[in-house]
Amino acid sequence: MKKILVTLLAVLPLLGACTKKSNEILIGEFGSLTGSDATFGLSTNKGLRMAFDEINAAGGINGKKVKLITVDDQGKNEEAASAVTRLITQDNVVAIIGEVASSRSKAAAPIAQKYQVPMLTHASTNPTVTQVGDYIFRICFIDPFQGFVMAKFANQNLKAKKAAILRDVKSDYSVGLADVFSEEFKKMGGEITADLSFQSGDIDFKAQLTQIRSKNPDVIFIPGYYTEVGLIAQQARQLGIKSPLLGGDGWDSSKLHEIGKEAINGNYYSNHYTTESTDPAVVEFIKKFKEKYNETPDAMAALGYDAAKVLAAAIGRAKEVTPKAIREELAKTADFPAVTGKITINAERNAVKSAVVVQVQGPERKFITTIAP
Ligand code: PHE
């Protein structure tokens, strides 16, 4: 018996070693592959896989192939935290990409920071996400800018004087973006005539919308995610509210129109890129994505693709493939040519980029304007 045990103990480390090949670079991804924000995680995953497939087909990073390990957090904060713990402590990844939703990135970031493994969020725009620590980075713009963009659009393009806000109090993203919009819109001389709330998961918004209707606002700002926004749009139109609805990047999903139907058409939101771009790099990206997945890439797909390329470039420059060396190189990212615009990571570990405003037209998004920082 003792002998068997000794043999087993001797063999176990070898078995462990077999699961991780030394010529592989392990990168973790956590995202909502299921749940009410599922298109966020699914689109991101498609963008990431496309980028890493390209990198591996071209020989990998300094001769090493990349292996992406993806964990579904089901769109839940607690699951996001345990996904990242697992990726670091069990899978031994050298870097992590995720999440889309700011609340989930915030739930996971302290763990990445504690274990000193770089975490790169491609899409979380709430400013506090990267403030968690020096291992947390992002490649997208932040909400103080996005909120300004939509306030400016309401004020200048739509000539709105009165705005109502309907915010998701369970989402850090929604609360942060609502606050900025309110502040910026007032600075521009506008008035906020109603500022009401809901919680992600709600399905009936008629009480809030009835109150908003009584204020007759020129625009209604709804910084939520597509599932609730689609339902809100339907109920607003059922109640006879005609004001344009405005939102942020959280609207971006192929499901927005499926849920909101006719009611969501004609409304506007800010986003990270436009599929109408004539930039050859963007045109090429969209063409390849369509060939691979038979669908048009949304913003998460583009941001996921960009995040993978930025991270791979940092790993390629790193002296060794360790979380610390990769962190140092991520911080030096400058003028990186990406699908969603040039990426330079600043001292706060954020990217400063332009935003676009698009209009929903069924499954299509009509490009309206670009607003630079
Ligand atoms: N910016 C959103 C957040 O921080 C997430 C998001 C990004 C959603 C891009 C859709 C598209 O929560």
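Procedures and definitions
Residues numbered from 1 in each chain as written. Predicted model: local features only at pLDDT ≥ 70, side-chain atom pairs only at ≥ 80, totals over all residues. Heavy atoms only, no water. Helix = DSSP H or I, 4+ residues; strand = E, 2+ residues; numbered from the N terminus. Rg over C-alpha atoms; globule rule 2.2 N^0.38 Å. Buried < 20%, exposed > 50% of the residue type's maximum accessible area, 1.4 Å probe, protein only. Contact = heavy atoms within 4.5 Å. Areas by Shrake-Rupley, 256 points an atom, 1.4 Å probe, with all protein chains shown as cover. Lys, Arg positive; Asp, Glu negative; His and termini not counted. Charge placed at Lys NZ, Arg CZ, Asp CG, Glu CD. Near = heavy atom within 4 Å. Polar contact = N/O pair within 3.5 Å; in protein donor to acceptor, adjacent residues only side chain to side chain. Nonpolar A, V, L, I, M, F, W, Y, C, P; charged D, E, K, R; others polar. Expected span 1.5 Å × (residues − 1). Pairing = 2+ DSSP bridges. Axes fitted to C-alpha atoms, helices over the stretch in contact; angles between N-to-C directions. Parallel < 35°, antiparallel > 145°, perpendicular 65-115°, else oblique. Phe/Tyr/Trp six-rings, centres within 6.5 Å; stacked < 30°, edge-to-face > 60°. Domains from an automatic or database assignment. Buried area = accessible area lost by both parts, 1.4 Å probe. Salt bridge = Lys/Arg side-chain N within 4 Å of Asp/Glu carboxyl O.

(A) Seen up close, the overall build of the protein. Looking only at helices and strands, one finds 12 helices and 12 strands in the protein. Over its C-alpha trace the protein gives a radius of gyration of 22 Å, about what one expects of a compact globule, namely 21 Å for 373 residues. With respect to the three principal axes, the spread of C-alpha positions in the protein is 80 × 50 × 40 Å. Here the protein holds 373 residues, and the buried ones make up 54% of them. For the protein, restricting intrachain contacts to residue pairs at least 6 apart in sequence, the fraction spanning at least 24 positions comes to 66%. Element-wise, carbon and sulfur atoms account for 54% of the exposed surface of the protein, whose accessible area totals about 15800 Å². Across the protein, the centroid of the 45 positively charged side chains sits 3 Å from that of the 41 negatively charged ones.

(B) The site of the ligand, seen in detail. In the neighbourhood of the ligand, 13 residues make up the surrounding shell, with Ser-102, Thr-125, Tyr-225, Asp-249 and Met-300 lying closest. A distance of 2.4 Å separates an oxygen atom of the ligand from a polar side-chain atom of Ser-102. Measuring from an oxygen atom of the ligand, one finds a side-chain N or O atom of Tyr-225 at 2.5 Å. Against a free-state accessible area of 320 Å², the protein chains account for coverage of 100% of the ligand. Each residue belonging to the shell around the ligand can be placed in one class, and the counts come to 7 nonpolar, 5 polar and 1 charged.

(C) Focus on helix α3 (residues 77-89). If you check α3, its first and last C-alpha atoms are 19 Å apart, about what 13 residues at 1.5 Å a residue would give, namely 18 Å. Of the surrounding secondary structure, the elements contacted by the buried residues of α3 are β1 (24-31), β2 (65-72), β3 (95-97) and α4 (102-115).

(D) Spotlight on the sheet that holds β3. The strand order across the open sheet built from 5 strands is β2-β1-β3-β4-β5, with neighbouring strands paired in parallel fashion. Here the strands that pair on one side only, and so sit at the sheet edges, are β2 and β5 (136-138). The average angle at which neighbouring strand axes cross in this sheet is 25°, direction not considered. Bridge analysis of β1 against β2 gives 8 bridges, and the strand direction is parallel. Looking at β2, one finds that Phe-30 is bridged to Val-71.

(E) Here's a closer look at the packing of helix α2 (residues 38-57) against helix α10 (residues 280-293). The interhelical angle for the contact between α2 and α10, taken along N-to-C directions, is 100°, at an axis separation of 11 Å. In terms of orientation, α2 and α10 fall into the roughly perpendicular class. Of the residues in α10, those in contact with Lys-46, Gly-47, Arg-49, Met-50, Asp-53 and Glu-54 of α2 are Phe-285, Lys-288, Phe-289, Lys-292 and Tyr-293. Here the contact of α2 with α10 is built from residues that sort into 4 nonpolar, 1 polar and 6 charged.

(F) Main features of the packing of aromatic side chains. For the coordinates displayed, the defined rule picks out 13 aromatic pairs. For the ring pair Phe-40 and Tyr-226, a centre distance of 5.4 Å and an interplane angle of 75° mean the geometry is edge-to-face. Taken together, the residues Phe-40 in helix α2 and Tyr-226 in helix α8 (residues 226-238) connect sequence positions 186 residues apart. Neither residue differs from the other here; Phe-40 and Tyr-226 are each classed as buried. Here Trp-251 and Tyr-269 contribute two aromatic rings whose centre-to-centre distance is 5.7 Å and whose plane-to-plane angle is 40°, an arrangement assigned as tilted. Placement of Trp-251 in the loop between β9 (245-247) and α9 (255-260) and of Tyr-269 in strand β10 (residues 268-271) is noted, with a sequence separation of 18 residues between them. Like Tyr-269, Trp-251 is buried. Taken together, Tyr-273, Phe-285, Phe-289, Tyr-293 and Tyr-305 form an aromatic cluster joined through their ring pairs.

(G) Region of the structure containing the domain arrangement of the protein. Taken as a whole, the protein is organised into domain 1 (2-141 + 279-342) and domain 2 (144-271 + 358-371). The gap between the C-alpha centroids of domain 1 and domain 2 is 31 Å. Facing the 17 residues of domain 1 at the interface are 18 residues of domain 2. Between domain 1 and domain 2 lies a buried interface of about 1400 Å² when both sides are counted; carbon and sulfur atoms form 54% of it. Broken down residue by residue, the surface that domain 1 buries against domain 2 is led by Thr-39, Phe-40 and Phe-141, which jointly contribute 36%. Seen at the junction of domain 1 and domain 2, the total is 1 salt bridge. At the junction of domain 1 and domain 2, the tally comes to 8 residue pairs in polar contact (both at pLDDT 80 or more). Of all the elements in the fold, those that place two or more residues in the side of domain 1 that touches domain 2 are α2, α4 and α11 (299-317).

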